[in-house]
Amino acid sequence: MVFHEQPDPTDREFDRSLRPATFQEFVGQEQIRDNLAIAIRAARERGEPLDHVLLCGPPGLGKTTLAHLIAQGMGTDVVVTSGPALGAPKDLAGTLTRLRRDQVLFIDEIHRLPKALEEYLYSAMEDHAIDVVLDPGPGGRSVRLGVQPFTLVGATTREGLLTAPFRSRFGIVERLEPYPTGDLEQILIRAARRLSVALEPDAATLCAERSRGTPRMSLRILRRVRDLAQVKQKTTIDAVTAREGLDRLRIDHLGLEEVDRKLLRALIQRGDAVGLKTLAAMIDEAEDTLEDVLEPHLLRCGLIARTPRGRVATAAAHTHLGLTEPRPRTGELPFA
Ligand SMILES: Nc1ncnc2c1ncn2[C@@H]1O[C@H](COP(=O)(O)OP(=O)(O)O)[C@@H](O)[C@H]1O
Ligand SMILES: [Mg+2]
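Let me sum up the structure you'll find in this document.

Definitions and limits used
Residues numbered from 1 in each chain as written. Chains lettered and ligands numbered in written order. Predicted model: local features only at pLDDT ≥ 70, side-chain atom pairs only at ≥ 80, totals over all residues. Heavy atoms only, no water. Core = buried A, V, L, I, M, F, W, Y, C linked by side-chain atoms within 4.5 Å. Buried < 20%, exposed > 50% of the residue type's maximum accessible area, 1.4 Å probe, protein only. Helix = DSSP H or I, 4+ residues; strand = E, 2+ residues; numbered from the N terminus. Domains from an automatic or database assignment. Contact = heavy atoms within 4.5 Å. Near = heavy atom within 4 Å. Polar contact = N/O pair within 3.5 Å; in protein donor to acceptor, adjacent residues only side chain to side chain. Areas by Shrake-Rupley, 256 points an atom, 1.4 Å probe, with all protein chains shown as cover. Nonpolar A, V, L, I, M, F, W, Y, C, P; charged D, E, K, R; others polar. Axes fitted to C-alpha atoms, helices over the stretch in contact; angles between N-to-C directions. Parallel < 35°, antiparallel > 145°, perpendicular 65-115°, else oblique. Left-handed = near helix turned anticlockwise from the far one by under 90°. Pairing = 2+ DSSP bridges.

**Observations concerning the nonpolar core**
Residues Leu36, Leu50, Val53, Leu66, Ile70, Val153 and Leu199 are the most contacted members of the largest nonpolar core, which totals 47 residues. Top contributing element to this core by residue count: helix H9 (residues 215–231), with six residues. Residue contributions to this core reach at least three from each of two domains, namely domain 1 (29–175) and domain 2 (181–248). Apart from the residues within four sequence positions on either side, Leu66 is in contact with Phe23, Phe26, Ile32, Leu36, Leu55 and Leu176. Leu105, Ile107, Leu117 and Ile130 belong to the second largest nonpolar core, which has 25 residues in total.

**Looking at the site of ligand 1**
Near ligand 1 lie 18 residues; those nearest to it are Val27, Gly60, Lys63, Thr64 and Thr65. The backbone of Gly62 places a nitrogen or oxygen atom 3.0 Å from an oxygen atom of ligand 1. Look at ligand 1: alone it shows 550 Å² of surface, and the protein chains cover 97% of it. Where the shell around ligand 1 is concerned, the elements lending two or more residues are helix H1 (9–18), helix H3 (63–73) and H9. For the shell around ligand 1, the residue count by class is 10 nonpolar, four polar and four charged. Formed jointly, the shell around ligand 1 draws a minimum of three residues from each of two domains, domain 1 (29–175) and domain 2 (181–248).

**With respect to the packing of helix H7 (residues 181–194) against H9**
It is at 10 Å that the axes of H7 and H9 come closest, and there the two elements cross at 45°. Judged by the inter-axis angle, H7 sits oblique to H9. Classified by chirality, the crossing of H9 by H7 is right-handed. Where H7 abuts H9, its residues Leu184, Ile187, Leu188, Ala191 and Ala192 lie against Pro215, Ser218, Leu219 and Leu222. For the contact of H7 with H9, the residue count by class is eight nonpolar, one polar and no charged.

**Observations concerning the pairing of strand E10 (residues 304–307)**
Where E10 lies against strand E11 (residues 310–313), four bridges are found, and the strand directions are antiparallel. Opposite Ala305, over in E11, you have Val312 as the bridge partner. Between the antiparallel neighbours E10 and E11 lie two residues.

Rendered as structure tokens:
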């Protein structure tokens, strides 16, 4: 498994235990935090449910955390489900009709909501009612069921896959960006305190720098270096231990893991633009993982570029892997 991929069950437990309990504990993303705080306060003053919220951004940046904080800010609780988990219309109908007034319905991976369910959600969001078909086919009957005014919080790693009409039904759309190192240091220091381990500042910096802007990644690294410190019978995680831990995880100074380097090597070896499908097959990863998790960081680091014909490795990728760039063939620009 890719180290920074979707959480496994133990991660989920760990995520939960370290999840900020209040907006004050939520580090960074100030603009988003402020926007949400204002919207929540205004909604509460009016005695209305909060507008529907769409949270977009790569995995591990705090979308689920924010969904819980929104519910907490509204003084309510949250019903959690996800696009892939909602199979048949009756699943969603049940969930919707059971909602209490002002409750938050969190749908994770909302871009994977089956199309047949979108209509349902539309009418629940706007008309506070859904039409449930009793017997399908011509002349089939349906009943109209009421839905309490609620707030839908949707999270997606792929905003582009949502239809425009769906997106336009969210009054609040926020996009989470990767965190600067300073924010990740704070998150790490706070987490270390919660776990009762001593983390030295330069060790925190080192871990933060290699977390590709992602809190979940920072926390996973912390977990591994904590293990290492423990078996080495060290009472604090110092920079030496952190570096050894990172080396053992084979996470380099840009936060790249073996799979990222494998991807770069594959592109370089090909020496030409490679399409998404082919590239996914070459490195034996799912296309989604490639697009959602691997590529954004490599693009940000300037190690790959997207061209109309596919992905290419840049000169920086050669340098990063310690390879020399091939000489461009005459009349051809390198990596154009
Ligand atoms: N801004 C933040 N401040 C503190 N911890 C954070 C922040 N964002 C995320 N985390 C932590 O990182 C982990 C992953 O966050 P999560 O909300 O599950 O991400 P997502 O839902 O976007 O994949 C959780 O343990 C969470 O507590
Ligand atoms: Mg999540």
